[in-house]
Amino acid sequence: MRKHLFLFITSIIICVCPLTYCQNGVESLNSIISKNSKIENLKIPFSPNINNQLLVELLPETNTTVFFSDLEKKFPNTQHSIVSKSFNIYKIVVSSQVTIDSIEPKNLSTDNSQRTTAIHSFLKNNKNVVGVSYNALVSPRGTTPNDSLYSQQYYLPKTSVPQLWDITQGGTTACGDTIVLAVLDRGFDLKIKDFSGNIYQNSAEIPNNGIDDDGNGYIDDYQGYNFYSMNDNHDNAQFDGDQYHGNECAGIIGARGNNITGISGINWQTKMLFLSASRSVEYVIGAYDYAYKMRKLYNDTKGVKGAFIAVTSCSLGIDGARPEDNLPFCNVYDKLGQVGILNVVAATNMSGDLYTIGDVPGLCKSDYLIVVNSTDANDKLANFSPTSTTYIGISAPGTDILSTEPLKYVPQFQIDSGNSFAAPQVAGVAALLYSISDTRLCPKNFVSPSDAALKIKNAIYKGADKINSLSNASKTGGRLNAFNSYKALQILLPTVETPTTNYELRIAPNPTDGIINCQLIFDGLRANNNYQLSPINYQLYDNLGRVLIQKQLTAPMQFTIDCSAFPPSIYFLRCETVDGVITKKIIVNH
């Protein structure tokens with residue numbers, strides 16, 4: 001299933017591009033049909049907008065004090081608040097506390113929907129506005145969950161994930177950067193055993209003390225953030241009715257692997273940043289803003305602060321919506337891509353041509369966005385999947401997908417169907433690709449953060465299994481193949497000169513459950529006396545970048561490391577020679 005963002009009359013988003021005028025705040029379905037005869041018989045469930053709210057995106061150079069002062073003079077009793085400072089998006093709330101005499105234009109009544117429509121019309125033609133739209137609710141999209149328990153996750157071998165597991169199981173880059181995948185959904189149960197160790201924690205924040213310890217603008221964002229409750233409590237059942245959707249998406253991405261418990265996520269080891277974006281577009285944009293800030297901080301401080309958020313996964317959307325009416329939403333993806341974040345979203349669960357149906361963010365255009373539809377176990381397009389060779393990037397299995405459920409659910413692992421569960425597979429593979437033992441995928445070696453994101457996206461596209469029945473379903477005409485994506489990535493990555501060191505670092509056994517033997521080799525022989533005269537420093541650090549062992553090595557150029565006391569994980573051995581640096585990944589698996 002994919003969850004929907006339903007439009008609300010209460011919120012407005014402003015953009016400078018012209019928007020279609022919507023009678024009473026929402027373009028009617030009949031008016032959409034009259035513009036396009038292809039959807040004459042199409043029935044789209046369209047919820048009303050949030051009453052009296054708009055979202056507006058302003059040009060960066062806009063003087064917001066003057067802008068909102070002028071707006072208040074023309075439309076008294078309007079209030080505004082920041083949705084995203086990074087994206088220059090604000091929320092405008094139209095108050096009902098108004099008299100006839102204060103209304104502009106004079107022929108409007110005190111009816112809030114008419115005032116909201118008037119303000120929308122005024123803003124869309126304002127020179128300072130990039131885009132304006134109505135706020136929208138978030139609700140489930142997709143088919144009814146099937147409570148029977150599957151004994152296998154057929155979609156993993158179907159997409160060749162186990163072959164990629166022979167190379168990597170996720171966690172960190174070859175240089176030790178912890179890979180973070182942001183999951184945007186309605187809510188999550190953080191107590192699920194299969195999530196243990198794979199939940200991102202903000203080490204600069206002290207949990208539950210009511211203080212913004214790291215000064216990033218968010219109080220108690222220790223384990224992600226809930227943009228409705230404004231803390232890291234992700235239990236949204238009290239106002240949304242369930243948490244199963246978010247847990248299922250997260251389990252596909254990062255349920256702990258090889259731990260004798262439950263299912264295996266595509267990434268055995270990863271860090272999932274949980275961002276609860278319940279109810280409306282306002283919160284979804286806020287969640288993307290959080291991911292943007294944390295990744296930009298990581299880039300700016302060269303990994304000292306923030307988080308290496310490589311990918312976002314979002315299975316939320318607005319059925320029947322047009323991108324030109326939702327520019328503030330659509331515009332976030334290019335900005336996320338500029339700091340290096342690749343974004344994966346689920347298409348709506350309506351069969352037919354996606355453009356004809358209407359879908360946001362499915363119809364948003366960005367080089368840093370992958371829109372995903374679904375196949376079944378036989379590689380046939382799922383009966384709830386739309387098609388588009390312009391907007392949809394790739395297909396992935398989305399029917400009968402086994403994943404994790406909240407602790408209150410019995411059984412703990414159930415199957416479900418929908419594009420919601422295809423998108424996390426693509427996002428999970430994208431994150432997994434960053435963890436291969438290749439220093440060209442280290443942030444410090446990127447040509448640019450955005451270039452790395454595009455390389456991963458293109459590798460996923462080039463690696464797709466071409467399937468005749470899917471030829472018109474997406475840009476690639478194929479279904480996700482993780483191992484082929486890895487092979488494609490090797491070709492796409494830039495050719496770089498290898499370090500000038502003449503050494504080779506050999507370690508065995510690897511993986512290990514105890515002692516590993518390490519040896520530095522020079523020109524294929526045991527290091528000669530000239531190089532033995534120069535001390536070599538080596539460090540062993542964990543997947544969080546913490547140094548566990550640091551020593552200086554002289555002749556002979558061989559040593560042992562006892563890993564028996566280390567918990568199962570990925571570690572990195574780094575040797576600094578006289579003419580370069582060598583890094584090797586070590587897997588400890590008791």
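For every chain, the first residue of the written sequence is number 1, and numbering continues from 1 onward in sequence order. For a predicted model such as this one, the threshold for reporting local features is a pLDDT of at least 70, and the threshold for listing and counting side-chain atom pairs is 80 or more; totals across whole chains, interfaces and linings nevertheless cover every residue. To get the side-chain values, take all heavy atoms of the structure and skip hydrogens and water.

(A) Representation of the overall build of the chain. For the chain, the helix and strand inventory stands at 14 helices and 28 strands. Only protein chains enter the accessibility calculation, which uses a 1.4 Å probe. A residue is then buried if its area is under 20% of the maximum for its type, exposed if over 50%, and partly exposed in between. Out of the 590 residues belonging to the chain, those deemed buried represent 60%. A sequence separation of at least 24 residues applies to 74% of the contacts in the chain between residues at least 6 apart. Carbon and sulfur atoms form 49% of the exposed surface of the chain, whose accessible area is close to 23100 Å². Strands are runs of DSSP state E lasting at least 2 residues, helices are runs of H or I lasting at least 4, and numbering of each runs from the N terminus. Note on contacts: a residue pair qualifies if any of its non-hydrogen atoms lie within 4.5 Å across the two residues. Computed by Shrake-Rupley with a 1.4 Å probe, the accessible areas treat only the displayed protein chains as cover when residues are assessed.

(B) Spotlight on the nonpolar core. With 62 residues, the main nonpolar core has Val 372, Ile 394, Val 426, Tyr 434, Ile 456 and Ile 460 as its most contacted residues. With nine residues, the single largest contributor to this core is helix α11 (residues 423-434). Discounting residues that sit within four places of it in the chain, Ile 456 has contacts with Leu 342, Ala 430, Leu 433, Tyr 434, Leu 441 and Leu 489. Counting 48 residues, the second largest nonpolar core, distinct from the first, contains Leu 273, Ile 341, Leu 354 and Val 360. For our purposes a nonpolar core is just a set of buried Ala, Val, Leu, Ile, Met, Phe, Trp, Tyr and Cys residues, chained together by side-chain atoms within 4.5 Å.

(C) The state of the cysteines, seen in detail. We call a pair of cysteine sulfur atoms a disulfide whenever their separation is within 2.5 Å. Applying the stated rule across the entire model yields two disulfides. Here Cys 175 pairs with Cys 442 through a disulfide, and the sulfurs are 2.1 Å apart. Between Cys 175 and Cys 442, the S-S dihedral sits near 90°, and the bridge is therefore right-handed. One end of the pair, Cys 175, is in the loop between α5 (161-165) and β6 (179-185); the other, Cys 442, is in the loop between α11 and α12 (449-462), and 267 residues separate them in sequence. There is no split in this pair, since Cys 175 and Cys 442 are both buried. Paired by a disulfide, Cys 330 and Cys 364 hold their sulfur atoms 2.1 Å apart. Taking the sign of the torsion about the S-S bond as the criterion, the disulfide between Cys 330 and Cys 364, at about -65°, is left-handed. Taken together, the residues span a long stretch of sequence, with Cys 330 in helix α9 (residues 327-338) and Cys 364 in the loop between β13 (359-360) and β14 (369-375) at a distance of 34 residues. Cys 364 carries the same exposure label as Cys 330, and that label is buried. Of all cysteine sulfurs, the one in Cys 249 lies closest to Cys 314, which takes part in no disulfide; the gap is 9.0 Å. What makes Cys 314 buried here is its relative accessible area of 1%.

(D) Fine view of helix α13 (residues 482-492). Those residues of α13 that sit buried are Ala 482, Phe 483, Ser 485, Tyr 486, Ala 488 and Leu 489. Where α13 is buried, its residues touch α5, α11 and α12. Identification of polar contacts relies on pairs of N or O atoms within 3.5 Å, with a donor-acceptor requirement for protein atoms, meaning one able to donate a hydrogen and the other able to accept it, and with residues adjacent in sequence counted only if both atoms are side-chain atoms. For α13, the capping residue at the N-terminal end is Asn 481, with a side-chain oxygen 3.1 Å from the backbone nitrogen of Phe 483.

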